[in-house]
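# Descriptive structure summary
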Amino acid sequence: MGGAWFSKPWRTLPEDYQLNLNSVKSYKPHSRSVKHLRILLHGQIGAGKSSFINSVDSLFQGRITSRASTDGADWNSFTQKYTTYKIRKSNKDSYNFVFNDIKGLEELTNAESVMEDIKCVLKGHVRSGYKFDSENQISEDDDFYNAEPTLSDKVHVLAFVIPADKISLISATMQSMMRNIRQAASEDGIPQLIILTKIDECCPKVEKNINHAHQSRYLKEQVTKASELLGISPNCIFVVQNYHTQMAPNESMNALILFALKQMINLGEDYLNSQTD
Ligand SMILES: Nc1nc2c(ncn2[C@@H]2O[C@H](COP(=O)(O)OP(=O)(O)OP(=O)(O)O)[C@@H](O)[C@H]2O)c(=O)[nH]1
Ligand SMILES: [Mg+2]
């Protein structure tokens, strides 16, 4: 891993961080029937889904937060409940986008029922608080089953979360599970993107200075691989490092997180407008 470096970045981030931050802070769905744009994070266990939510929260709170529980042991999915996270703006208010965190995909258990649950989540049939059961999918008489979801309850953008250093290790079974979910989202017109996490773990130079992320040949190759894996175009694939050892947020890490978040909001907003036009 690591490898050669481009003298010029293969992608340039928007220059004005503050301007971008302000546009995300002031974002409101144009659609009057929807207060919060709903972003679903999805991927293999231990990919960094919960950590990404914490990273976004840390960026906005200006300090490291850990509301979404994370875990280093990847033998079992740590997140078991379908949870909605709002990002707090003030004591009384939150920003107009929310994240939904779900159980990670794994091959060993009854993957079929988890996949069916995720498809129900996409359509808005699952209420926050539902505890995933790897043996059975959600039933229509479950208290957490929402029989008549509105546009607000539905997922508006689906983000696949994949560790940048593990793309080549994704098995054919896992790949087909991810493609299956992508197809379900596509059928409903839900836009998708990919977040490649743990970029610090694949490049020592990036670990030392994250500003070099877009000069790494290795990371550029992983973007291509991820694109081939799921058929998502490279301009919808983002590299990030989540806050996990840092004691305070910093602008370099925030810039990558914000770049990805901005695109989630743009794609989700397009979807919302297509549903309400
Ligand atoms: N080095 C590094 N570690 C990370 C990064 N993101 C997450 N981690 C670590 O990876 C482990 C798993 O992260 P989680 O956020 O719990 O992963 P998850 O996708 O929510 O996992 P499940 O809930 O089990 O599906 C934790 O130990 C995190 O600290 C990153 O960008 N860099
Ligand atoms: Mg989790």
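Above this text sits the structure in question.
Presented here is a report on the structure given in the accompanying data block. (Residues numbered from 1 in each chain as written. Chains lettered and ligands numbered in written order. Predicted model: local features only at pLDDT ≥ 70, side-chain atom pairs only at ≥ 80, totals over all residues. Heavy atoms only, no water.)

## Side note on the site of ligand 1
To keep things clear, this is the line we draw: Whether a residue is near a molecule or strand depends on its heavy atoms: it is near if one of them lies within 4 Å of it. Counting of polar contacts relies on pairs of N or O atoms within 3.5 Å, with two restrictions inside protein: one atom must be capable of donating a hydrogen and the other of accepting it, and residues adjacent in sequence are counted only when both atoms are side-chain atoms. Note on areas: these come from Shrake-Rupley sampling with a 1.4 Å probe, and a residue is covered only by the protein chains present in the view. We call Asp, Glu, Lys and Arg charged. Ala, Val, Leu, Ile, Met, Phe, Trp, Tyr, Cys and Pro are nonpolar, and the rest, Gly among them, are polar.
Around ligand 1, a shell composed of 20 residues is seen, among which Lys49, Ser51, Phe78, Asp200 and Asn242 lie nearest. Here Ser51 contributes a side-chain N or O atom positioned 2.6 Å from an oxygen atom of ligand 1. Here ligand 1 loses 91% of its free accessible area of 660 Å² to cover by the protein chains. A per-class count over the shell around ligand 1 returns three nonpolar, twelve polar and five charged.

## Some thoughts on helix 2 (residues 49-61)
We apply this condition: The secondary structure listing takes helices from DSSP runs of H or I that are at least 4 residues long and strands from runs of E that are at least 2 residues long, numbered from the N terminus. A helix is expected to span 1.5 Å multiplied by its residue count minus one. For the exposure calls, accessible area comes from a 1.4 Å probe over protein chains only, and a residue counts as buried if that area is under 20% of its type's maximum, exposed if over 50%, partly exposed in between.
With 13 residues, helix 2 ought to run about 18 Å at 1.5 Å a step, and its terminal C-alpha atoms sit 19 Å apart, in line with that. Within helix 2, twelve of the 13 residues are buried, which leaves the element mostly enclosed by the surrounding structure. Gly62 lies just past helix 2 and shows a positive phi near 75 degrees.

## Focus: the environment of Arg32
Positionally, Arg32 belongs in the loop between helix 1 (17-25) and strand 1 (37-42). Taking the C-alpha atoms as reference, Arg32 lies 9.2 Å from Thr276; in sequence the two are 244 residues apart.

## Here's the deal with the nonpolar core
Quick note on the threshold: Here the nonpolar core consists of buried residues drawn from Ala, Val, Leu, Ile, Met, Phe, Trp, Tyr and Cys, with membership extended through side-chain atoms lying within 4.5 Å. Between two residues, a contact is recorded if the distance between any of their heavy atoms is within 4.5 Å.
Ranked by internal contacts, the top residues of the largest apolar core, which has 89 residues, are Phe97 and Phe99. The biggest single contributor to this core is helix 7 (residues 251-276), with eleven residues. With sequence-adjacent residues up to four places away left out, Phe97 is seen in contact with Val24, His36, Leu37, Ile39, Val56, Phe60, Ile87, Leu261 and Ile265.

## Digging into the layout of surface pockets
To find the voids left in a structure, one rolls a probe of water-molecule size over its atoms. Inclusion rule: The pocket and cavity definitions rest on a 1 Å grid over protein atoms only: a 1.4 Å probe that fits but cannot leave marks a cavity, an open set with protein on both sides within 12 Å along at least five of seven lines marks a pocket, and residues lining either have an atom within 4 Å of a point. Grid points are joined across faces, edges and corners, and a volume is the space filled by probe spheres set on the points.
For the second largest pocket, the calculated volume is near 150 Å³. Looking at the second largest pocket, the residues that line it are Pro9, Arg11, Thr12, Leu13, Ile210, Asn211, His214, Gln215, Ser252, Ala255 and Leu256. Grouping the amino acids of the lining of the second largest pocket by side-chain chemistry returns five nonpolar, five polar and one charged.

## With respect to the sheet that holds strand 2 (residues 83-88)
By definition, the strands of a sheet pair up through backbone hydrogen bonds, in either a parallel or an antiparallel sense. So the rule is basically this: When DSSP finds at least two bridges between two strands, those strands are taken to pair. Geometry is summarised by axes, namely lines fitted to C-alpha atoms with helices restricted to the contacting stretch, and by angles between N-to-C directions that run from 0 to 180 degrees.
Overall, mixed pairing links the six strands, which are arranged 2-3-1-4-5-6 in an open sheet. Of all strands in the sheet, those bounded by a partner on one side alone are strand 2 and strand 6 (237-239). Ignoring strand direction, the axes of neighbouring strands in this sheet form an average angle of 25 degrees. Note: strand 2 against strand 3 (residues 94-101), five bridges, orientation antiparallel. For Arg88, the partnering residue across the bridge sits in strand 3 and is Ser94. Along the sheet, helix 4 (residues 172-187) contacts strand 1, strand 4 (157-163) and strand 5 (192-197); its crossing angle with strand 4, the most-contacted strand, is approximately 165 degrees.

## Considerations on the environment of Lys49
Mapped onto the elements of the fold, Lys49 is located in helix 2. Lys49 gets classed as buried once you look at its relative accessible area, which sits at 6%. Taking the C-alpha atoms as reference, Lys49 lies 9.5 Å from Asn100; in sequence the two are 51 residues apart. Residue contacts for Lys49: discarding those within four places in its chain leaves Leu41, His42, Gly43, Gln44, Asp101, Ile102, Lys103, Gly104 and Val161.

## Describing a positive patch on the surface
The test is simple: Residues forming no salt bridge and having over 30% relative accessible area are the ones grouped into patches, like charges within 9 Å of each other and nonpolar side chains (Val, Leu, Ile, Met, Phe, Trp, Tyr) within 5 Å. Basic side-chain nitrogens of Lys or Arg form a salt bridge, by our definition, when they fall within 4 Å of a carboxyl oxygen of Asp or Glu. For the purpose of counting charges, residues Lys and Arg are taken to be positive, whereas Asp and Glu are taken to be negative. His and the chain ends are not included. Note that the charge is assigned to NZ on lysines, CZ on arginines, CG on aspartates and CD on glutamates.
Residues Lys28, Lys35, Lys86 and Lys89 make up a contiguous surface patch of positive charge. Relative to the helices and strands, Lys28 resides in the loop between helix 1 and strand 1.

## Comments concerning the pairing of strand 1
Taking burial as the measure, the six residues of strand 1 include six buried ones, the bulk of the element. Taking every second residue as pointing to the same face, both faces of strand 1 are buried, with Leu37, Ile39 and Leu41 on one and Arg38, Leu40 and His42 on the other. As paired elements, strand 1 and strand 3 share five bridges and run parallel to each other. When the sheet's bridge partners are listed, Leu40 is paired in strand 3 with Asn100. Across four bridges, strand 1 lies against strand 4 in parallel orientation. By the bridge assignment, Ile39 is partnered in strand 4 with Val157.

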